[in-house]
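Reading the structure
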Amino acid sequence: MSVDVTTDSFEVEVVERSHELPVVVDFWAEWCGPCRMLGPVLEREAEERAGQVVLVKVDTDANPELSNRYQVQGIPAVKAFRNGEVVSEFVGAYPPAVVRQFFDGLTGPSAAERTVAELREADELLDVVAALEADDMERALSLLCDAVVAAEDSERERLLILTIGLFGDLGSEHPLTQKYRRQLAAALY
């Protein structure tokens, strides 16, 4: 089941709530045929993950300021929020399997959890593991960026993928994402 959200309730229902669990926002309009096709698919996937994710709907005709704020240029537009930031999104009516993968990416282990598991299993960069387990994302990113720059070819690519995953956990607008993305770009390119 989804909740209808307006400009007045968006801050509480989406931004604040996304600090507790991922919130998926379906930007739609009554006249939009693809929106009506996608809606039930989104609802089914959200219901299968009850308690792990929240689905809300924003009528773009009734709330144009939200469409502008989140740069909705076509509908249906689906944006997932975590920690107050958009962390994943798609535009269009995708098949159920693709929508399922989208939800799985939100409700499965975080990139930080996957990174800890991968590095622990490989018994490498245990200082990064310790930083992530201590919830010290800045130290983890600093150490990972240093490791990316020092690594060679395929190892560099693997570590870069882990680092980019952590950026995804934080969201593209997070100050640490911006800082370390710039640092990596300057060092690698």
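Residues numbered from 1 in each chain as written. Predicted model: local features only at pLDDT ≥ 70, side-chain atom pairs only at ≥ 80, totals over all residues. Heavy atoms only, no water.

1. Focus: the packing of helix 6 (residues 126-133) against helix 7 (residues 137-150)
Where helix 6 contacts helix 7, the two axes come as close as 7 Å, and the packing angle between them is 160°. Considered as vectors, helix 6 and helix 7 are oriented roughly antiparallel to each other. Relative to helix 7, the crossing made by helix 6 is left-handed. Across the interface between the two elements, Asp-127, Val-128, Ala-131 and Leu-132 from helix 6 touch Met-137, Arg-139, Ala-140, Leu-143 and Leu-144 from helix 7. (Axes fitted to C-alpha atoms, helices over the stretch in contact; angles between N-to-C directions. Helix = DSSP H or I, 4+ residues; strand = E, 2+ residues; numbered from the N terminus. Parallel < 35°, antiparallel > 145°, perpendicular 65-115°, else oblique. Left-handed = near helix turned anticlockwise from the far one by under 90°. Contact = heavy atoms within 4.5 Å.)

2. A short note on the packing of aromatic side chains
Per the counting criterion, the structure on display carries six aromatic pairs. Both rings, one in Phe-90 and one in Tyr-94, keep their centres 5.2 Å apart while their planes meet at 90°; by these two values the pair is edge-to-face. Using a relative accessible area of 11% as the deciding quantity, one classes Phe-90 as buried. Its relative accessible area of 36% is what places Tyr-94 among the partly exposed residues. Between Phe-102 and Phe-103, the aromatic rings sit 6.0 Å apart at their centres with planes inclined by 80°, giving edge-to-face as the arrangement. As far as burial versus exposure is concerned, Phe-102 and Phe-103 are alike and both buried. Linked through ring pairs, Phe-90, Tyr-94, Phe-102 and Phe-103 together constitute an aromatic cluster. Geometry around Trp-28 places Lys-57 over its ring, the cationic atom sitting 5.1 Å from the centre. (Phe/Tyr/Trp six-rings, centres within 6.5 Å; stacked < 30°, edge-to-face > 60°. Buried < 20%, exposed > 50% of the residue type's maximum accessible area, 1.4 Å probe, protein only. Lys NZ or Arg CZ within 6 Å of the ring centre and 35° of its normal.)

3. Brief notes about the pairing of strand 5 (residues 85-91)
Side chains on a regular strand alternate between the two faces of the sheet. By the bridge criterion, six bridges tie strand 4 (residues 77-82) to strand 5 in an arrangement that is antiparallel. Residue Arg-82 lies in a different strand from strand 5, and its bridge partner there is Glu-85. In this antiparallel pair of consecutive strands, strand 4 and strand 5, the connection spans two residues, and Asn-83 shows a positive phi of 55°. (Pairing = 2+ DSSP bridges.)

4. Focus: the state of the cysteines
Taken as a whole and assessed by the stated rule, the structure comprises one disulfide. Each disulfide pairs two cysteine sulfurs, and for Cys-32 the partner residue is Cys-35, the sulfurs being separated by 2.4 Å. The sign of the 80° torsion about the S-S bond sets the Cys-32-Cys-35 disulfide as right-handed. Each member of the pair, Cys-32 as well as Cys-35, is classed as buried. (Disulfide = S-S within 2.5 Å.)

5. So, the pairing of strand 3 (residues 54-59)
Most of strand 3 is tucked away: five of the six residues are buried. In terms of strand pairing, strand 1 (residues 3-4) meets strand 3 through two bridges, oriented parallel. Following the sheet pairing, Val-3 is matched in strand 3 by Val-56. Here six bridges tie strand 2 (residues 23-28) to strand 3, and the two strands are oriented parallel to one another. In the strand pairing of strand 3, Val-23 is matched with Val-54. Between the parallel pair strand 2 and strand 3, the chain is carried across by helix 2 (residues 33-48), and the sense of this crossover is right-handed. (Right-handed = clockwise from strand over helix to strand, strands pointing away.)

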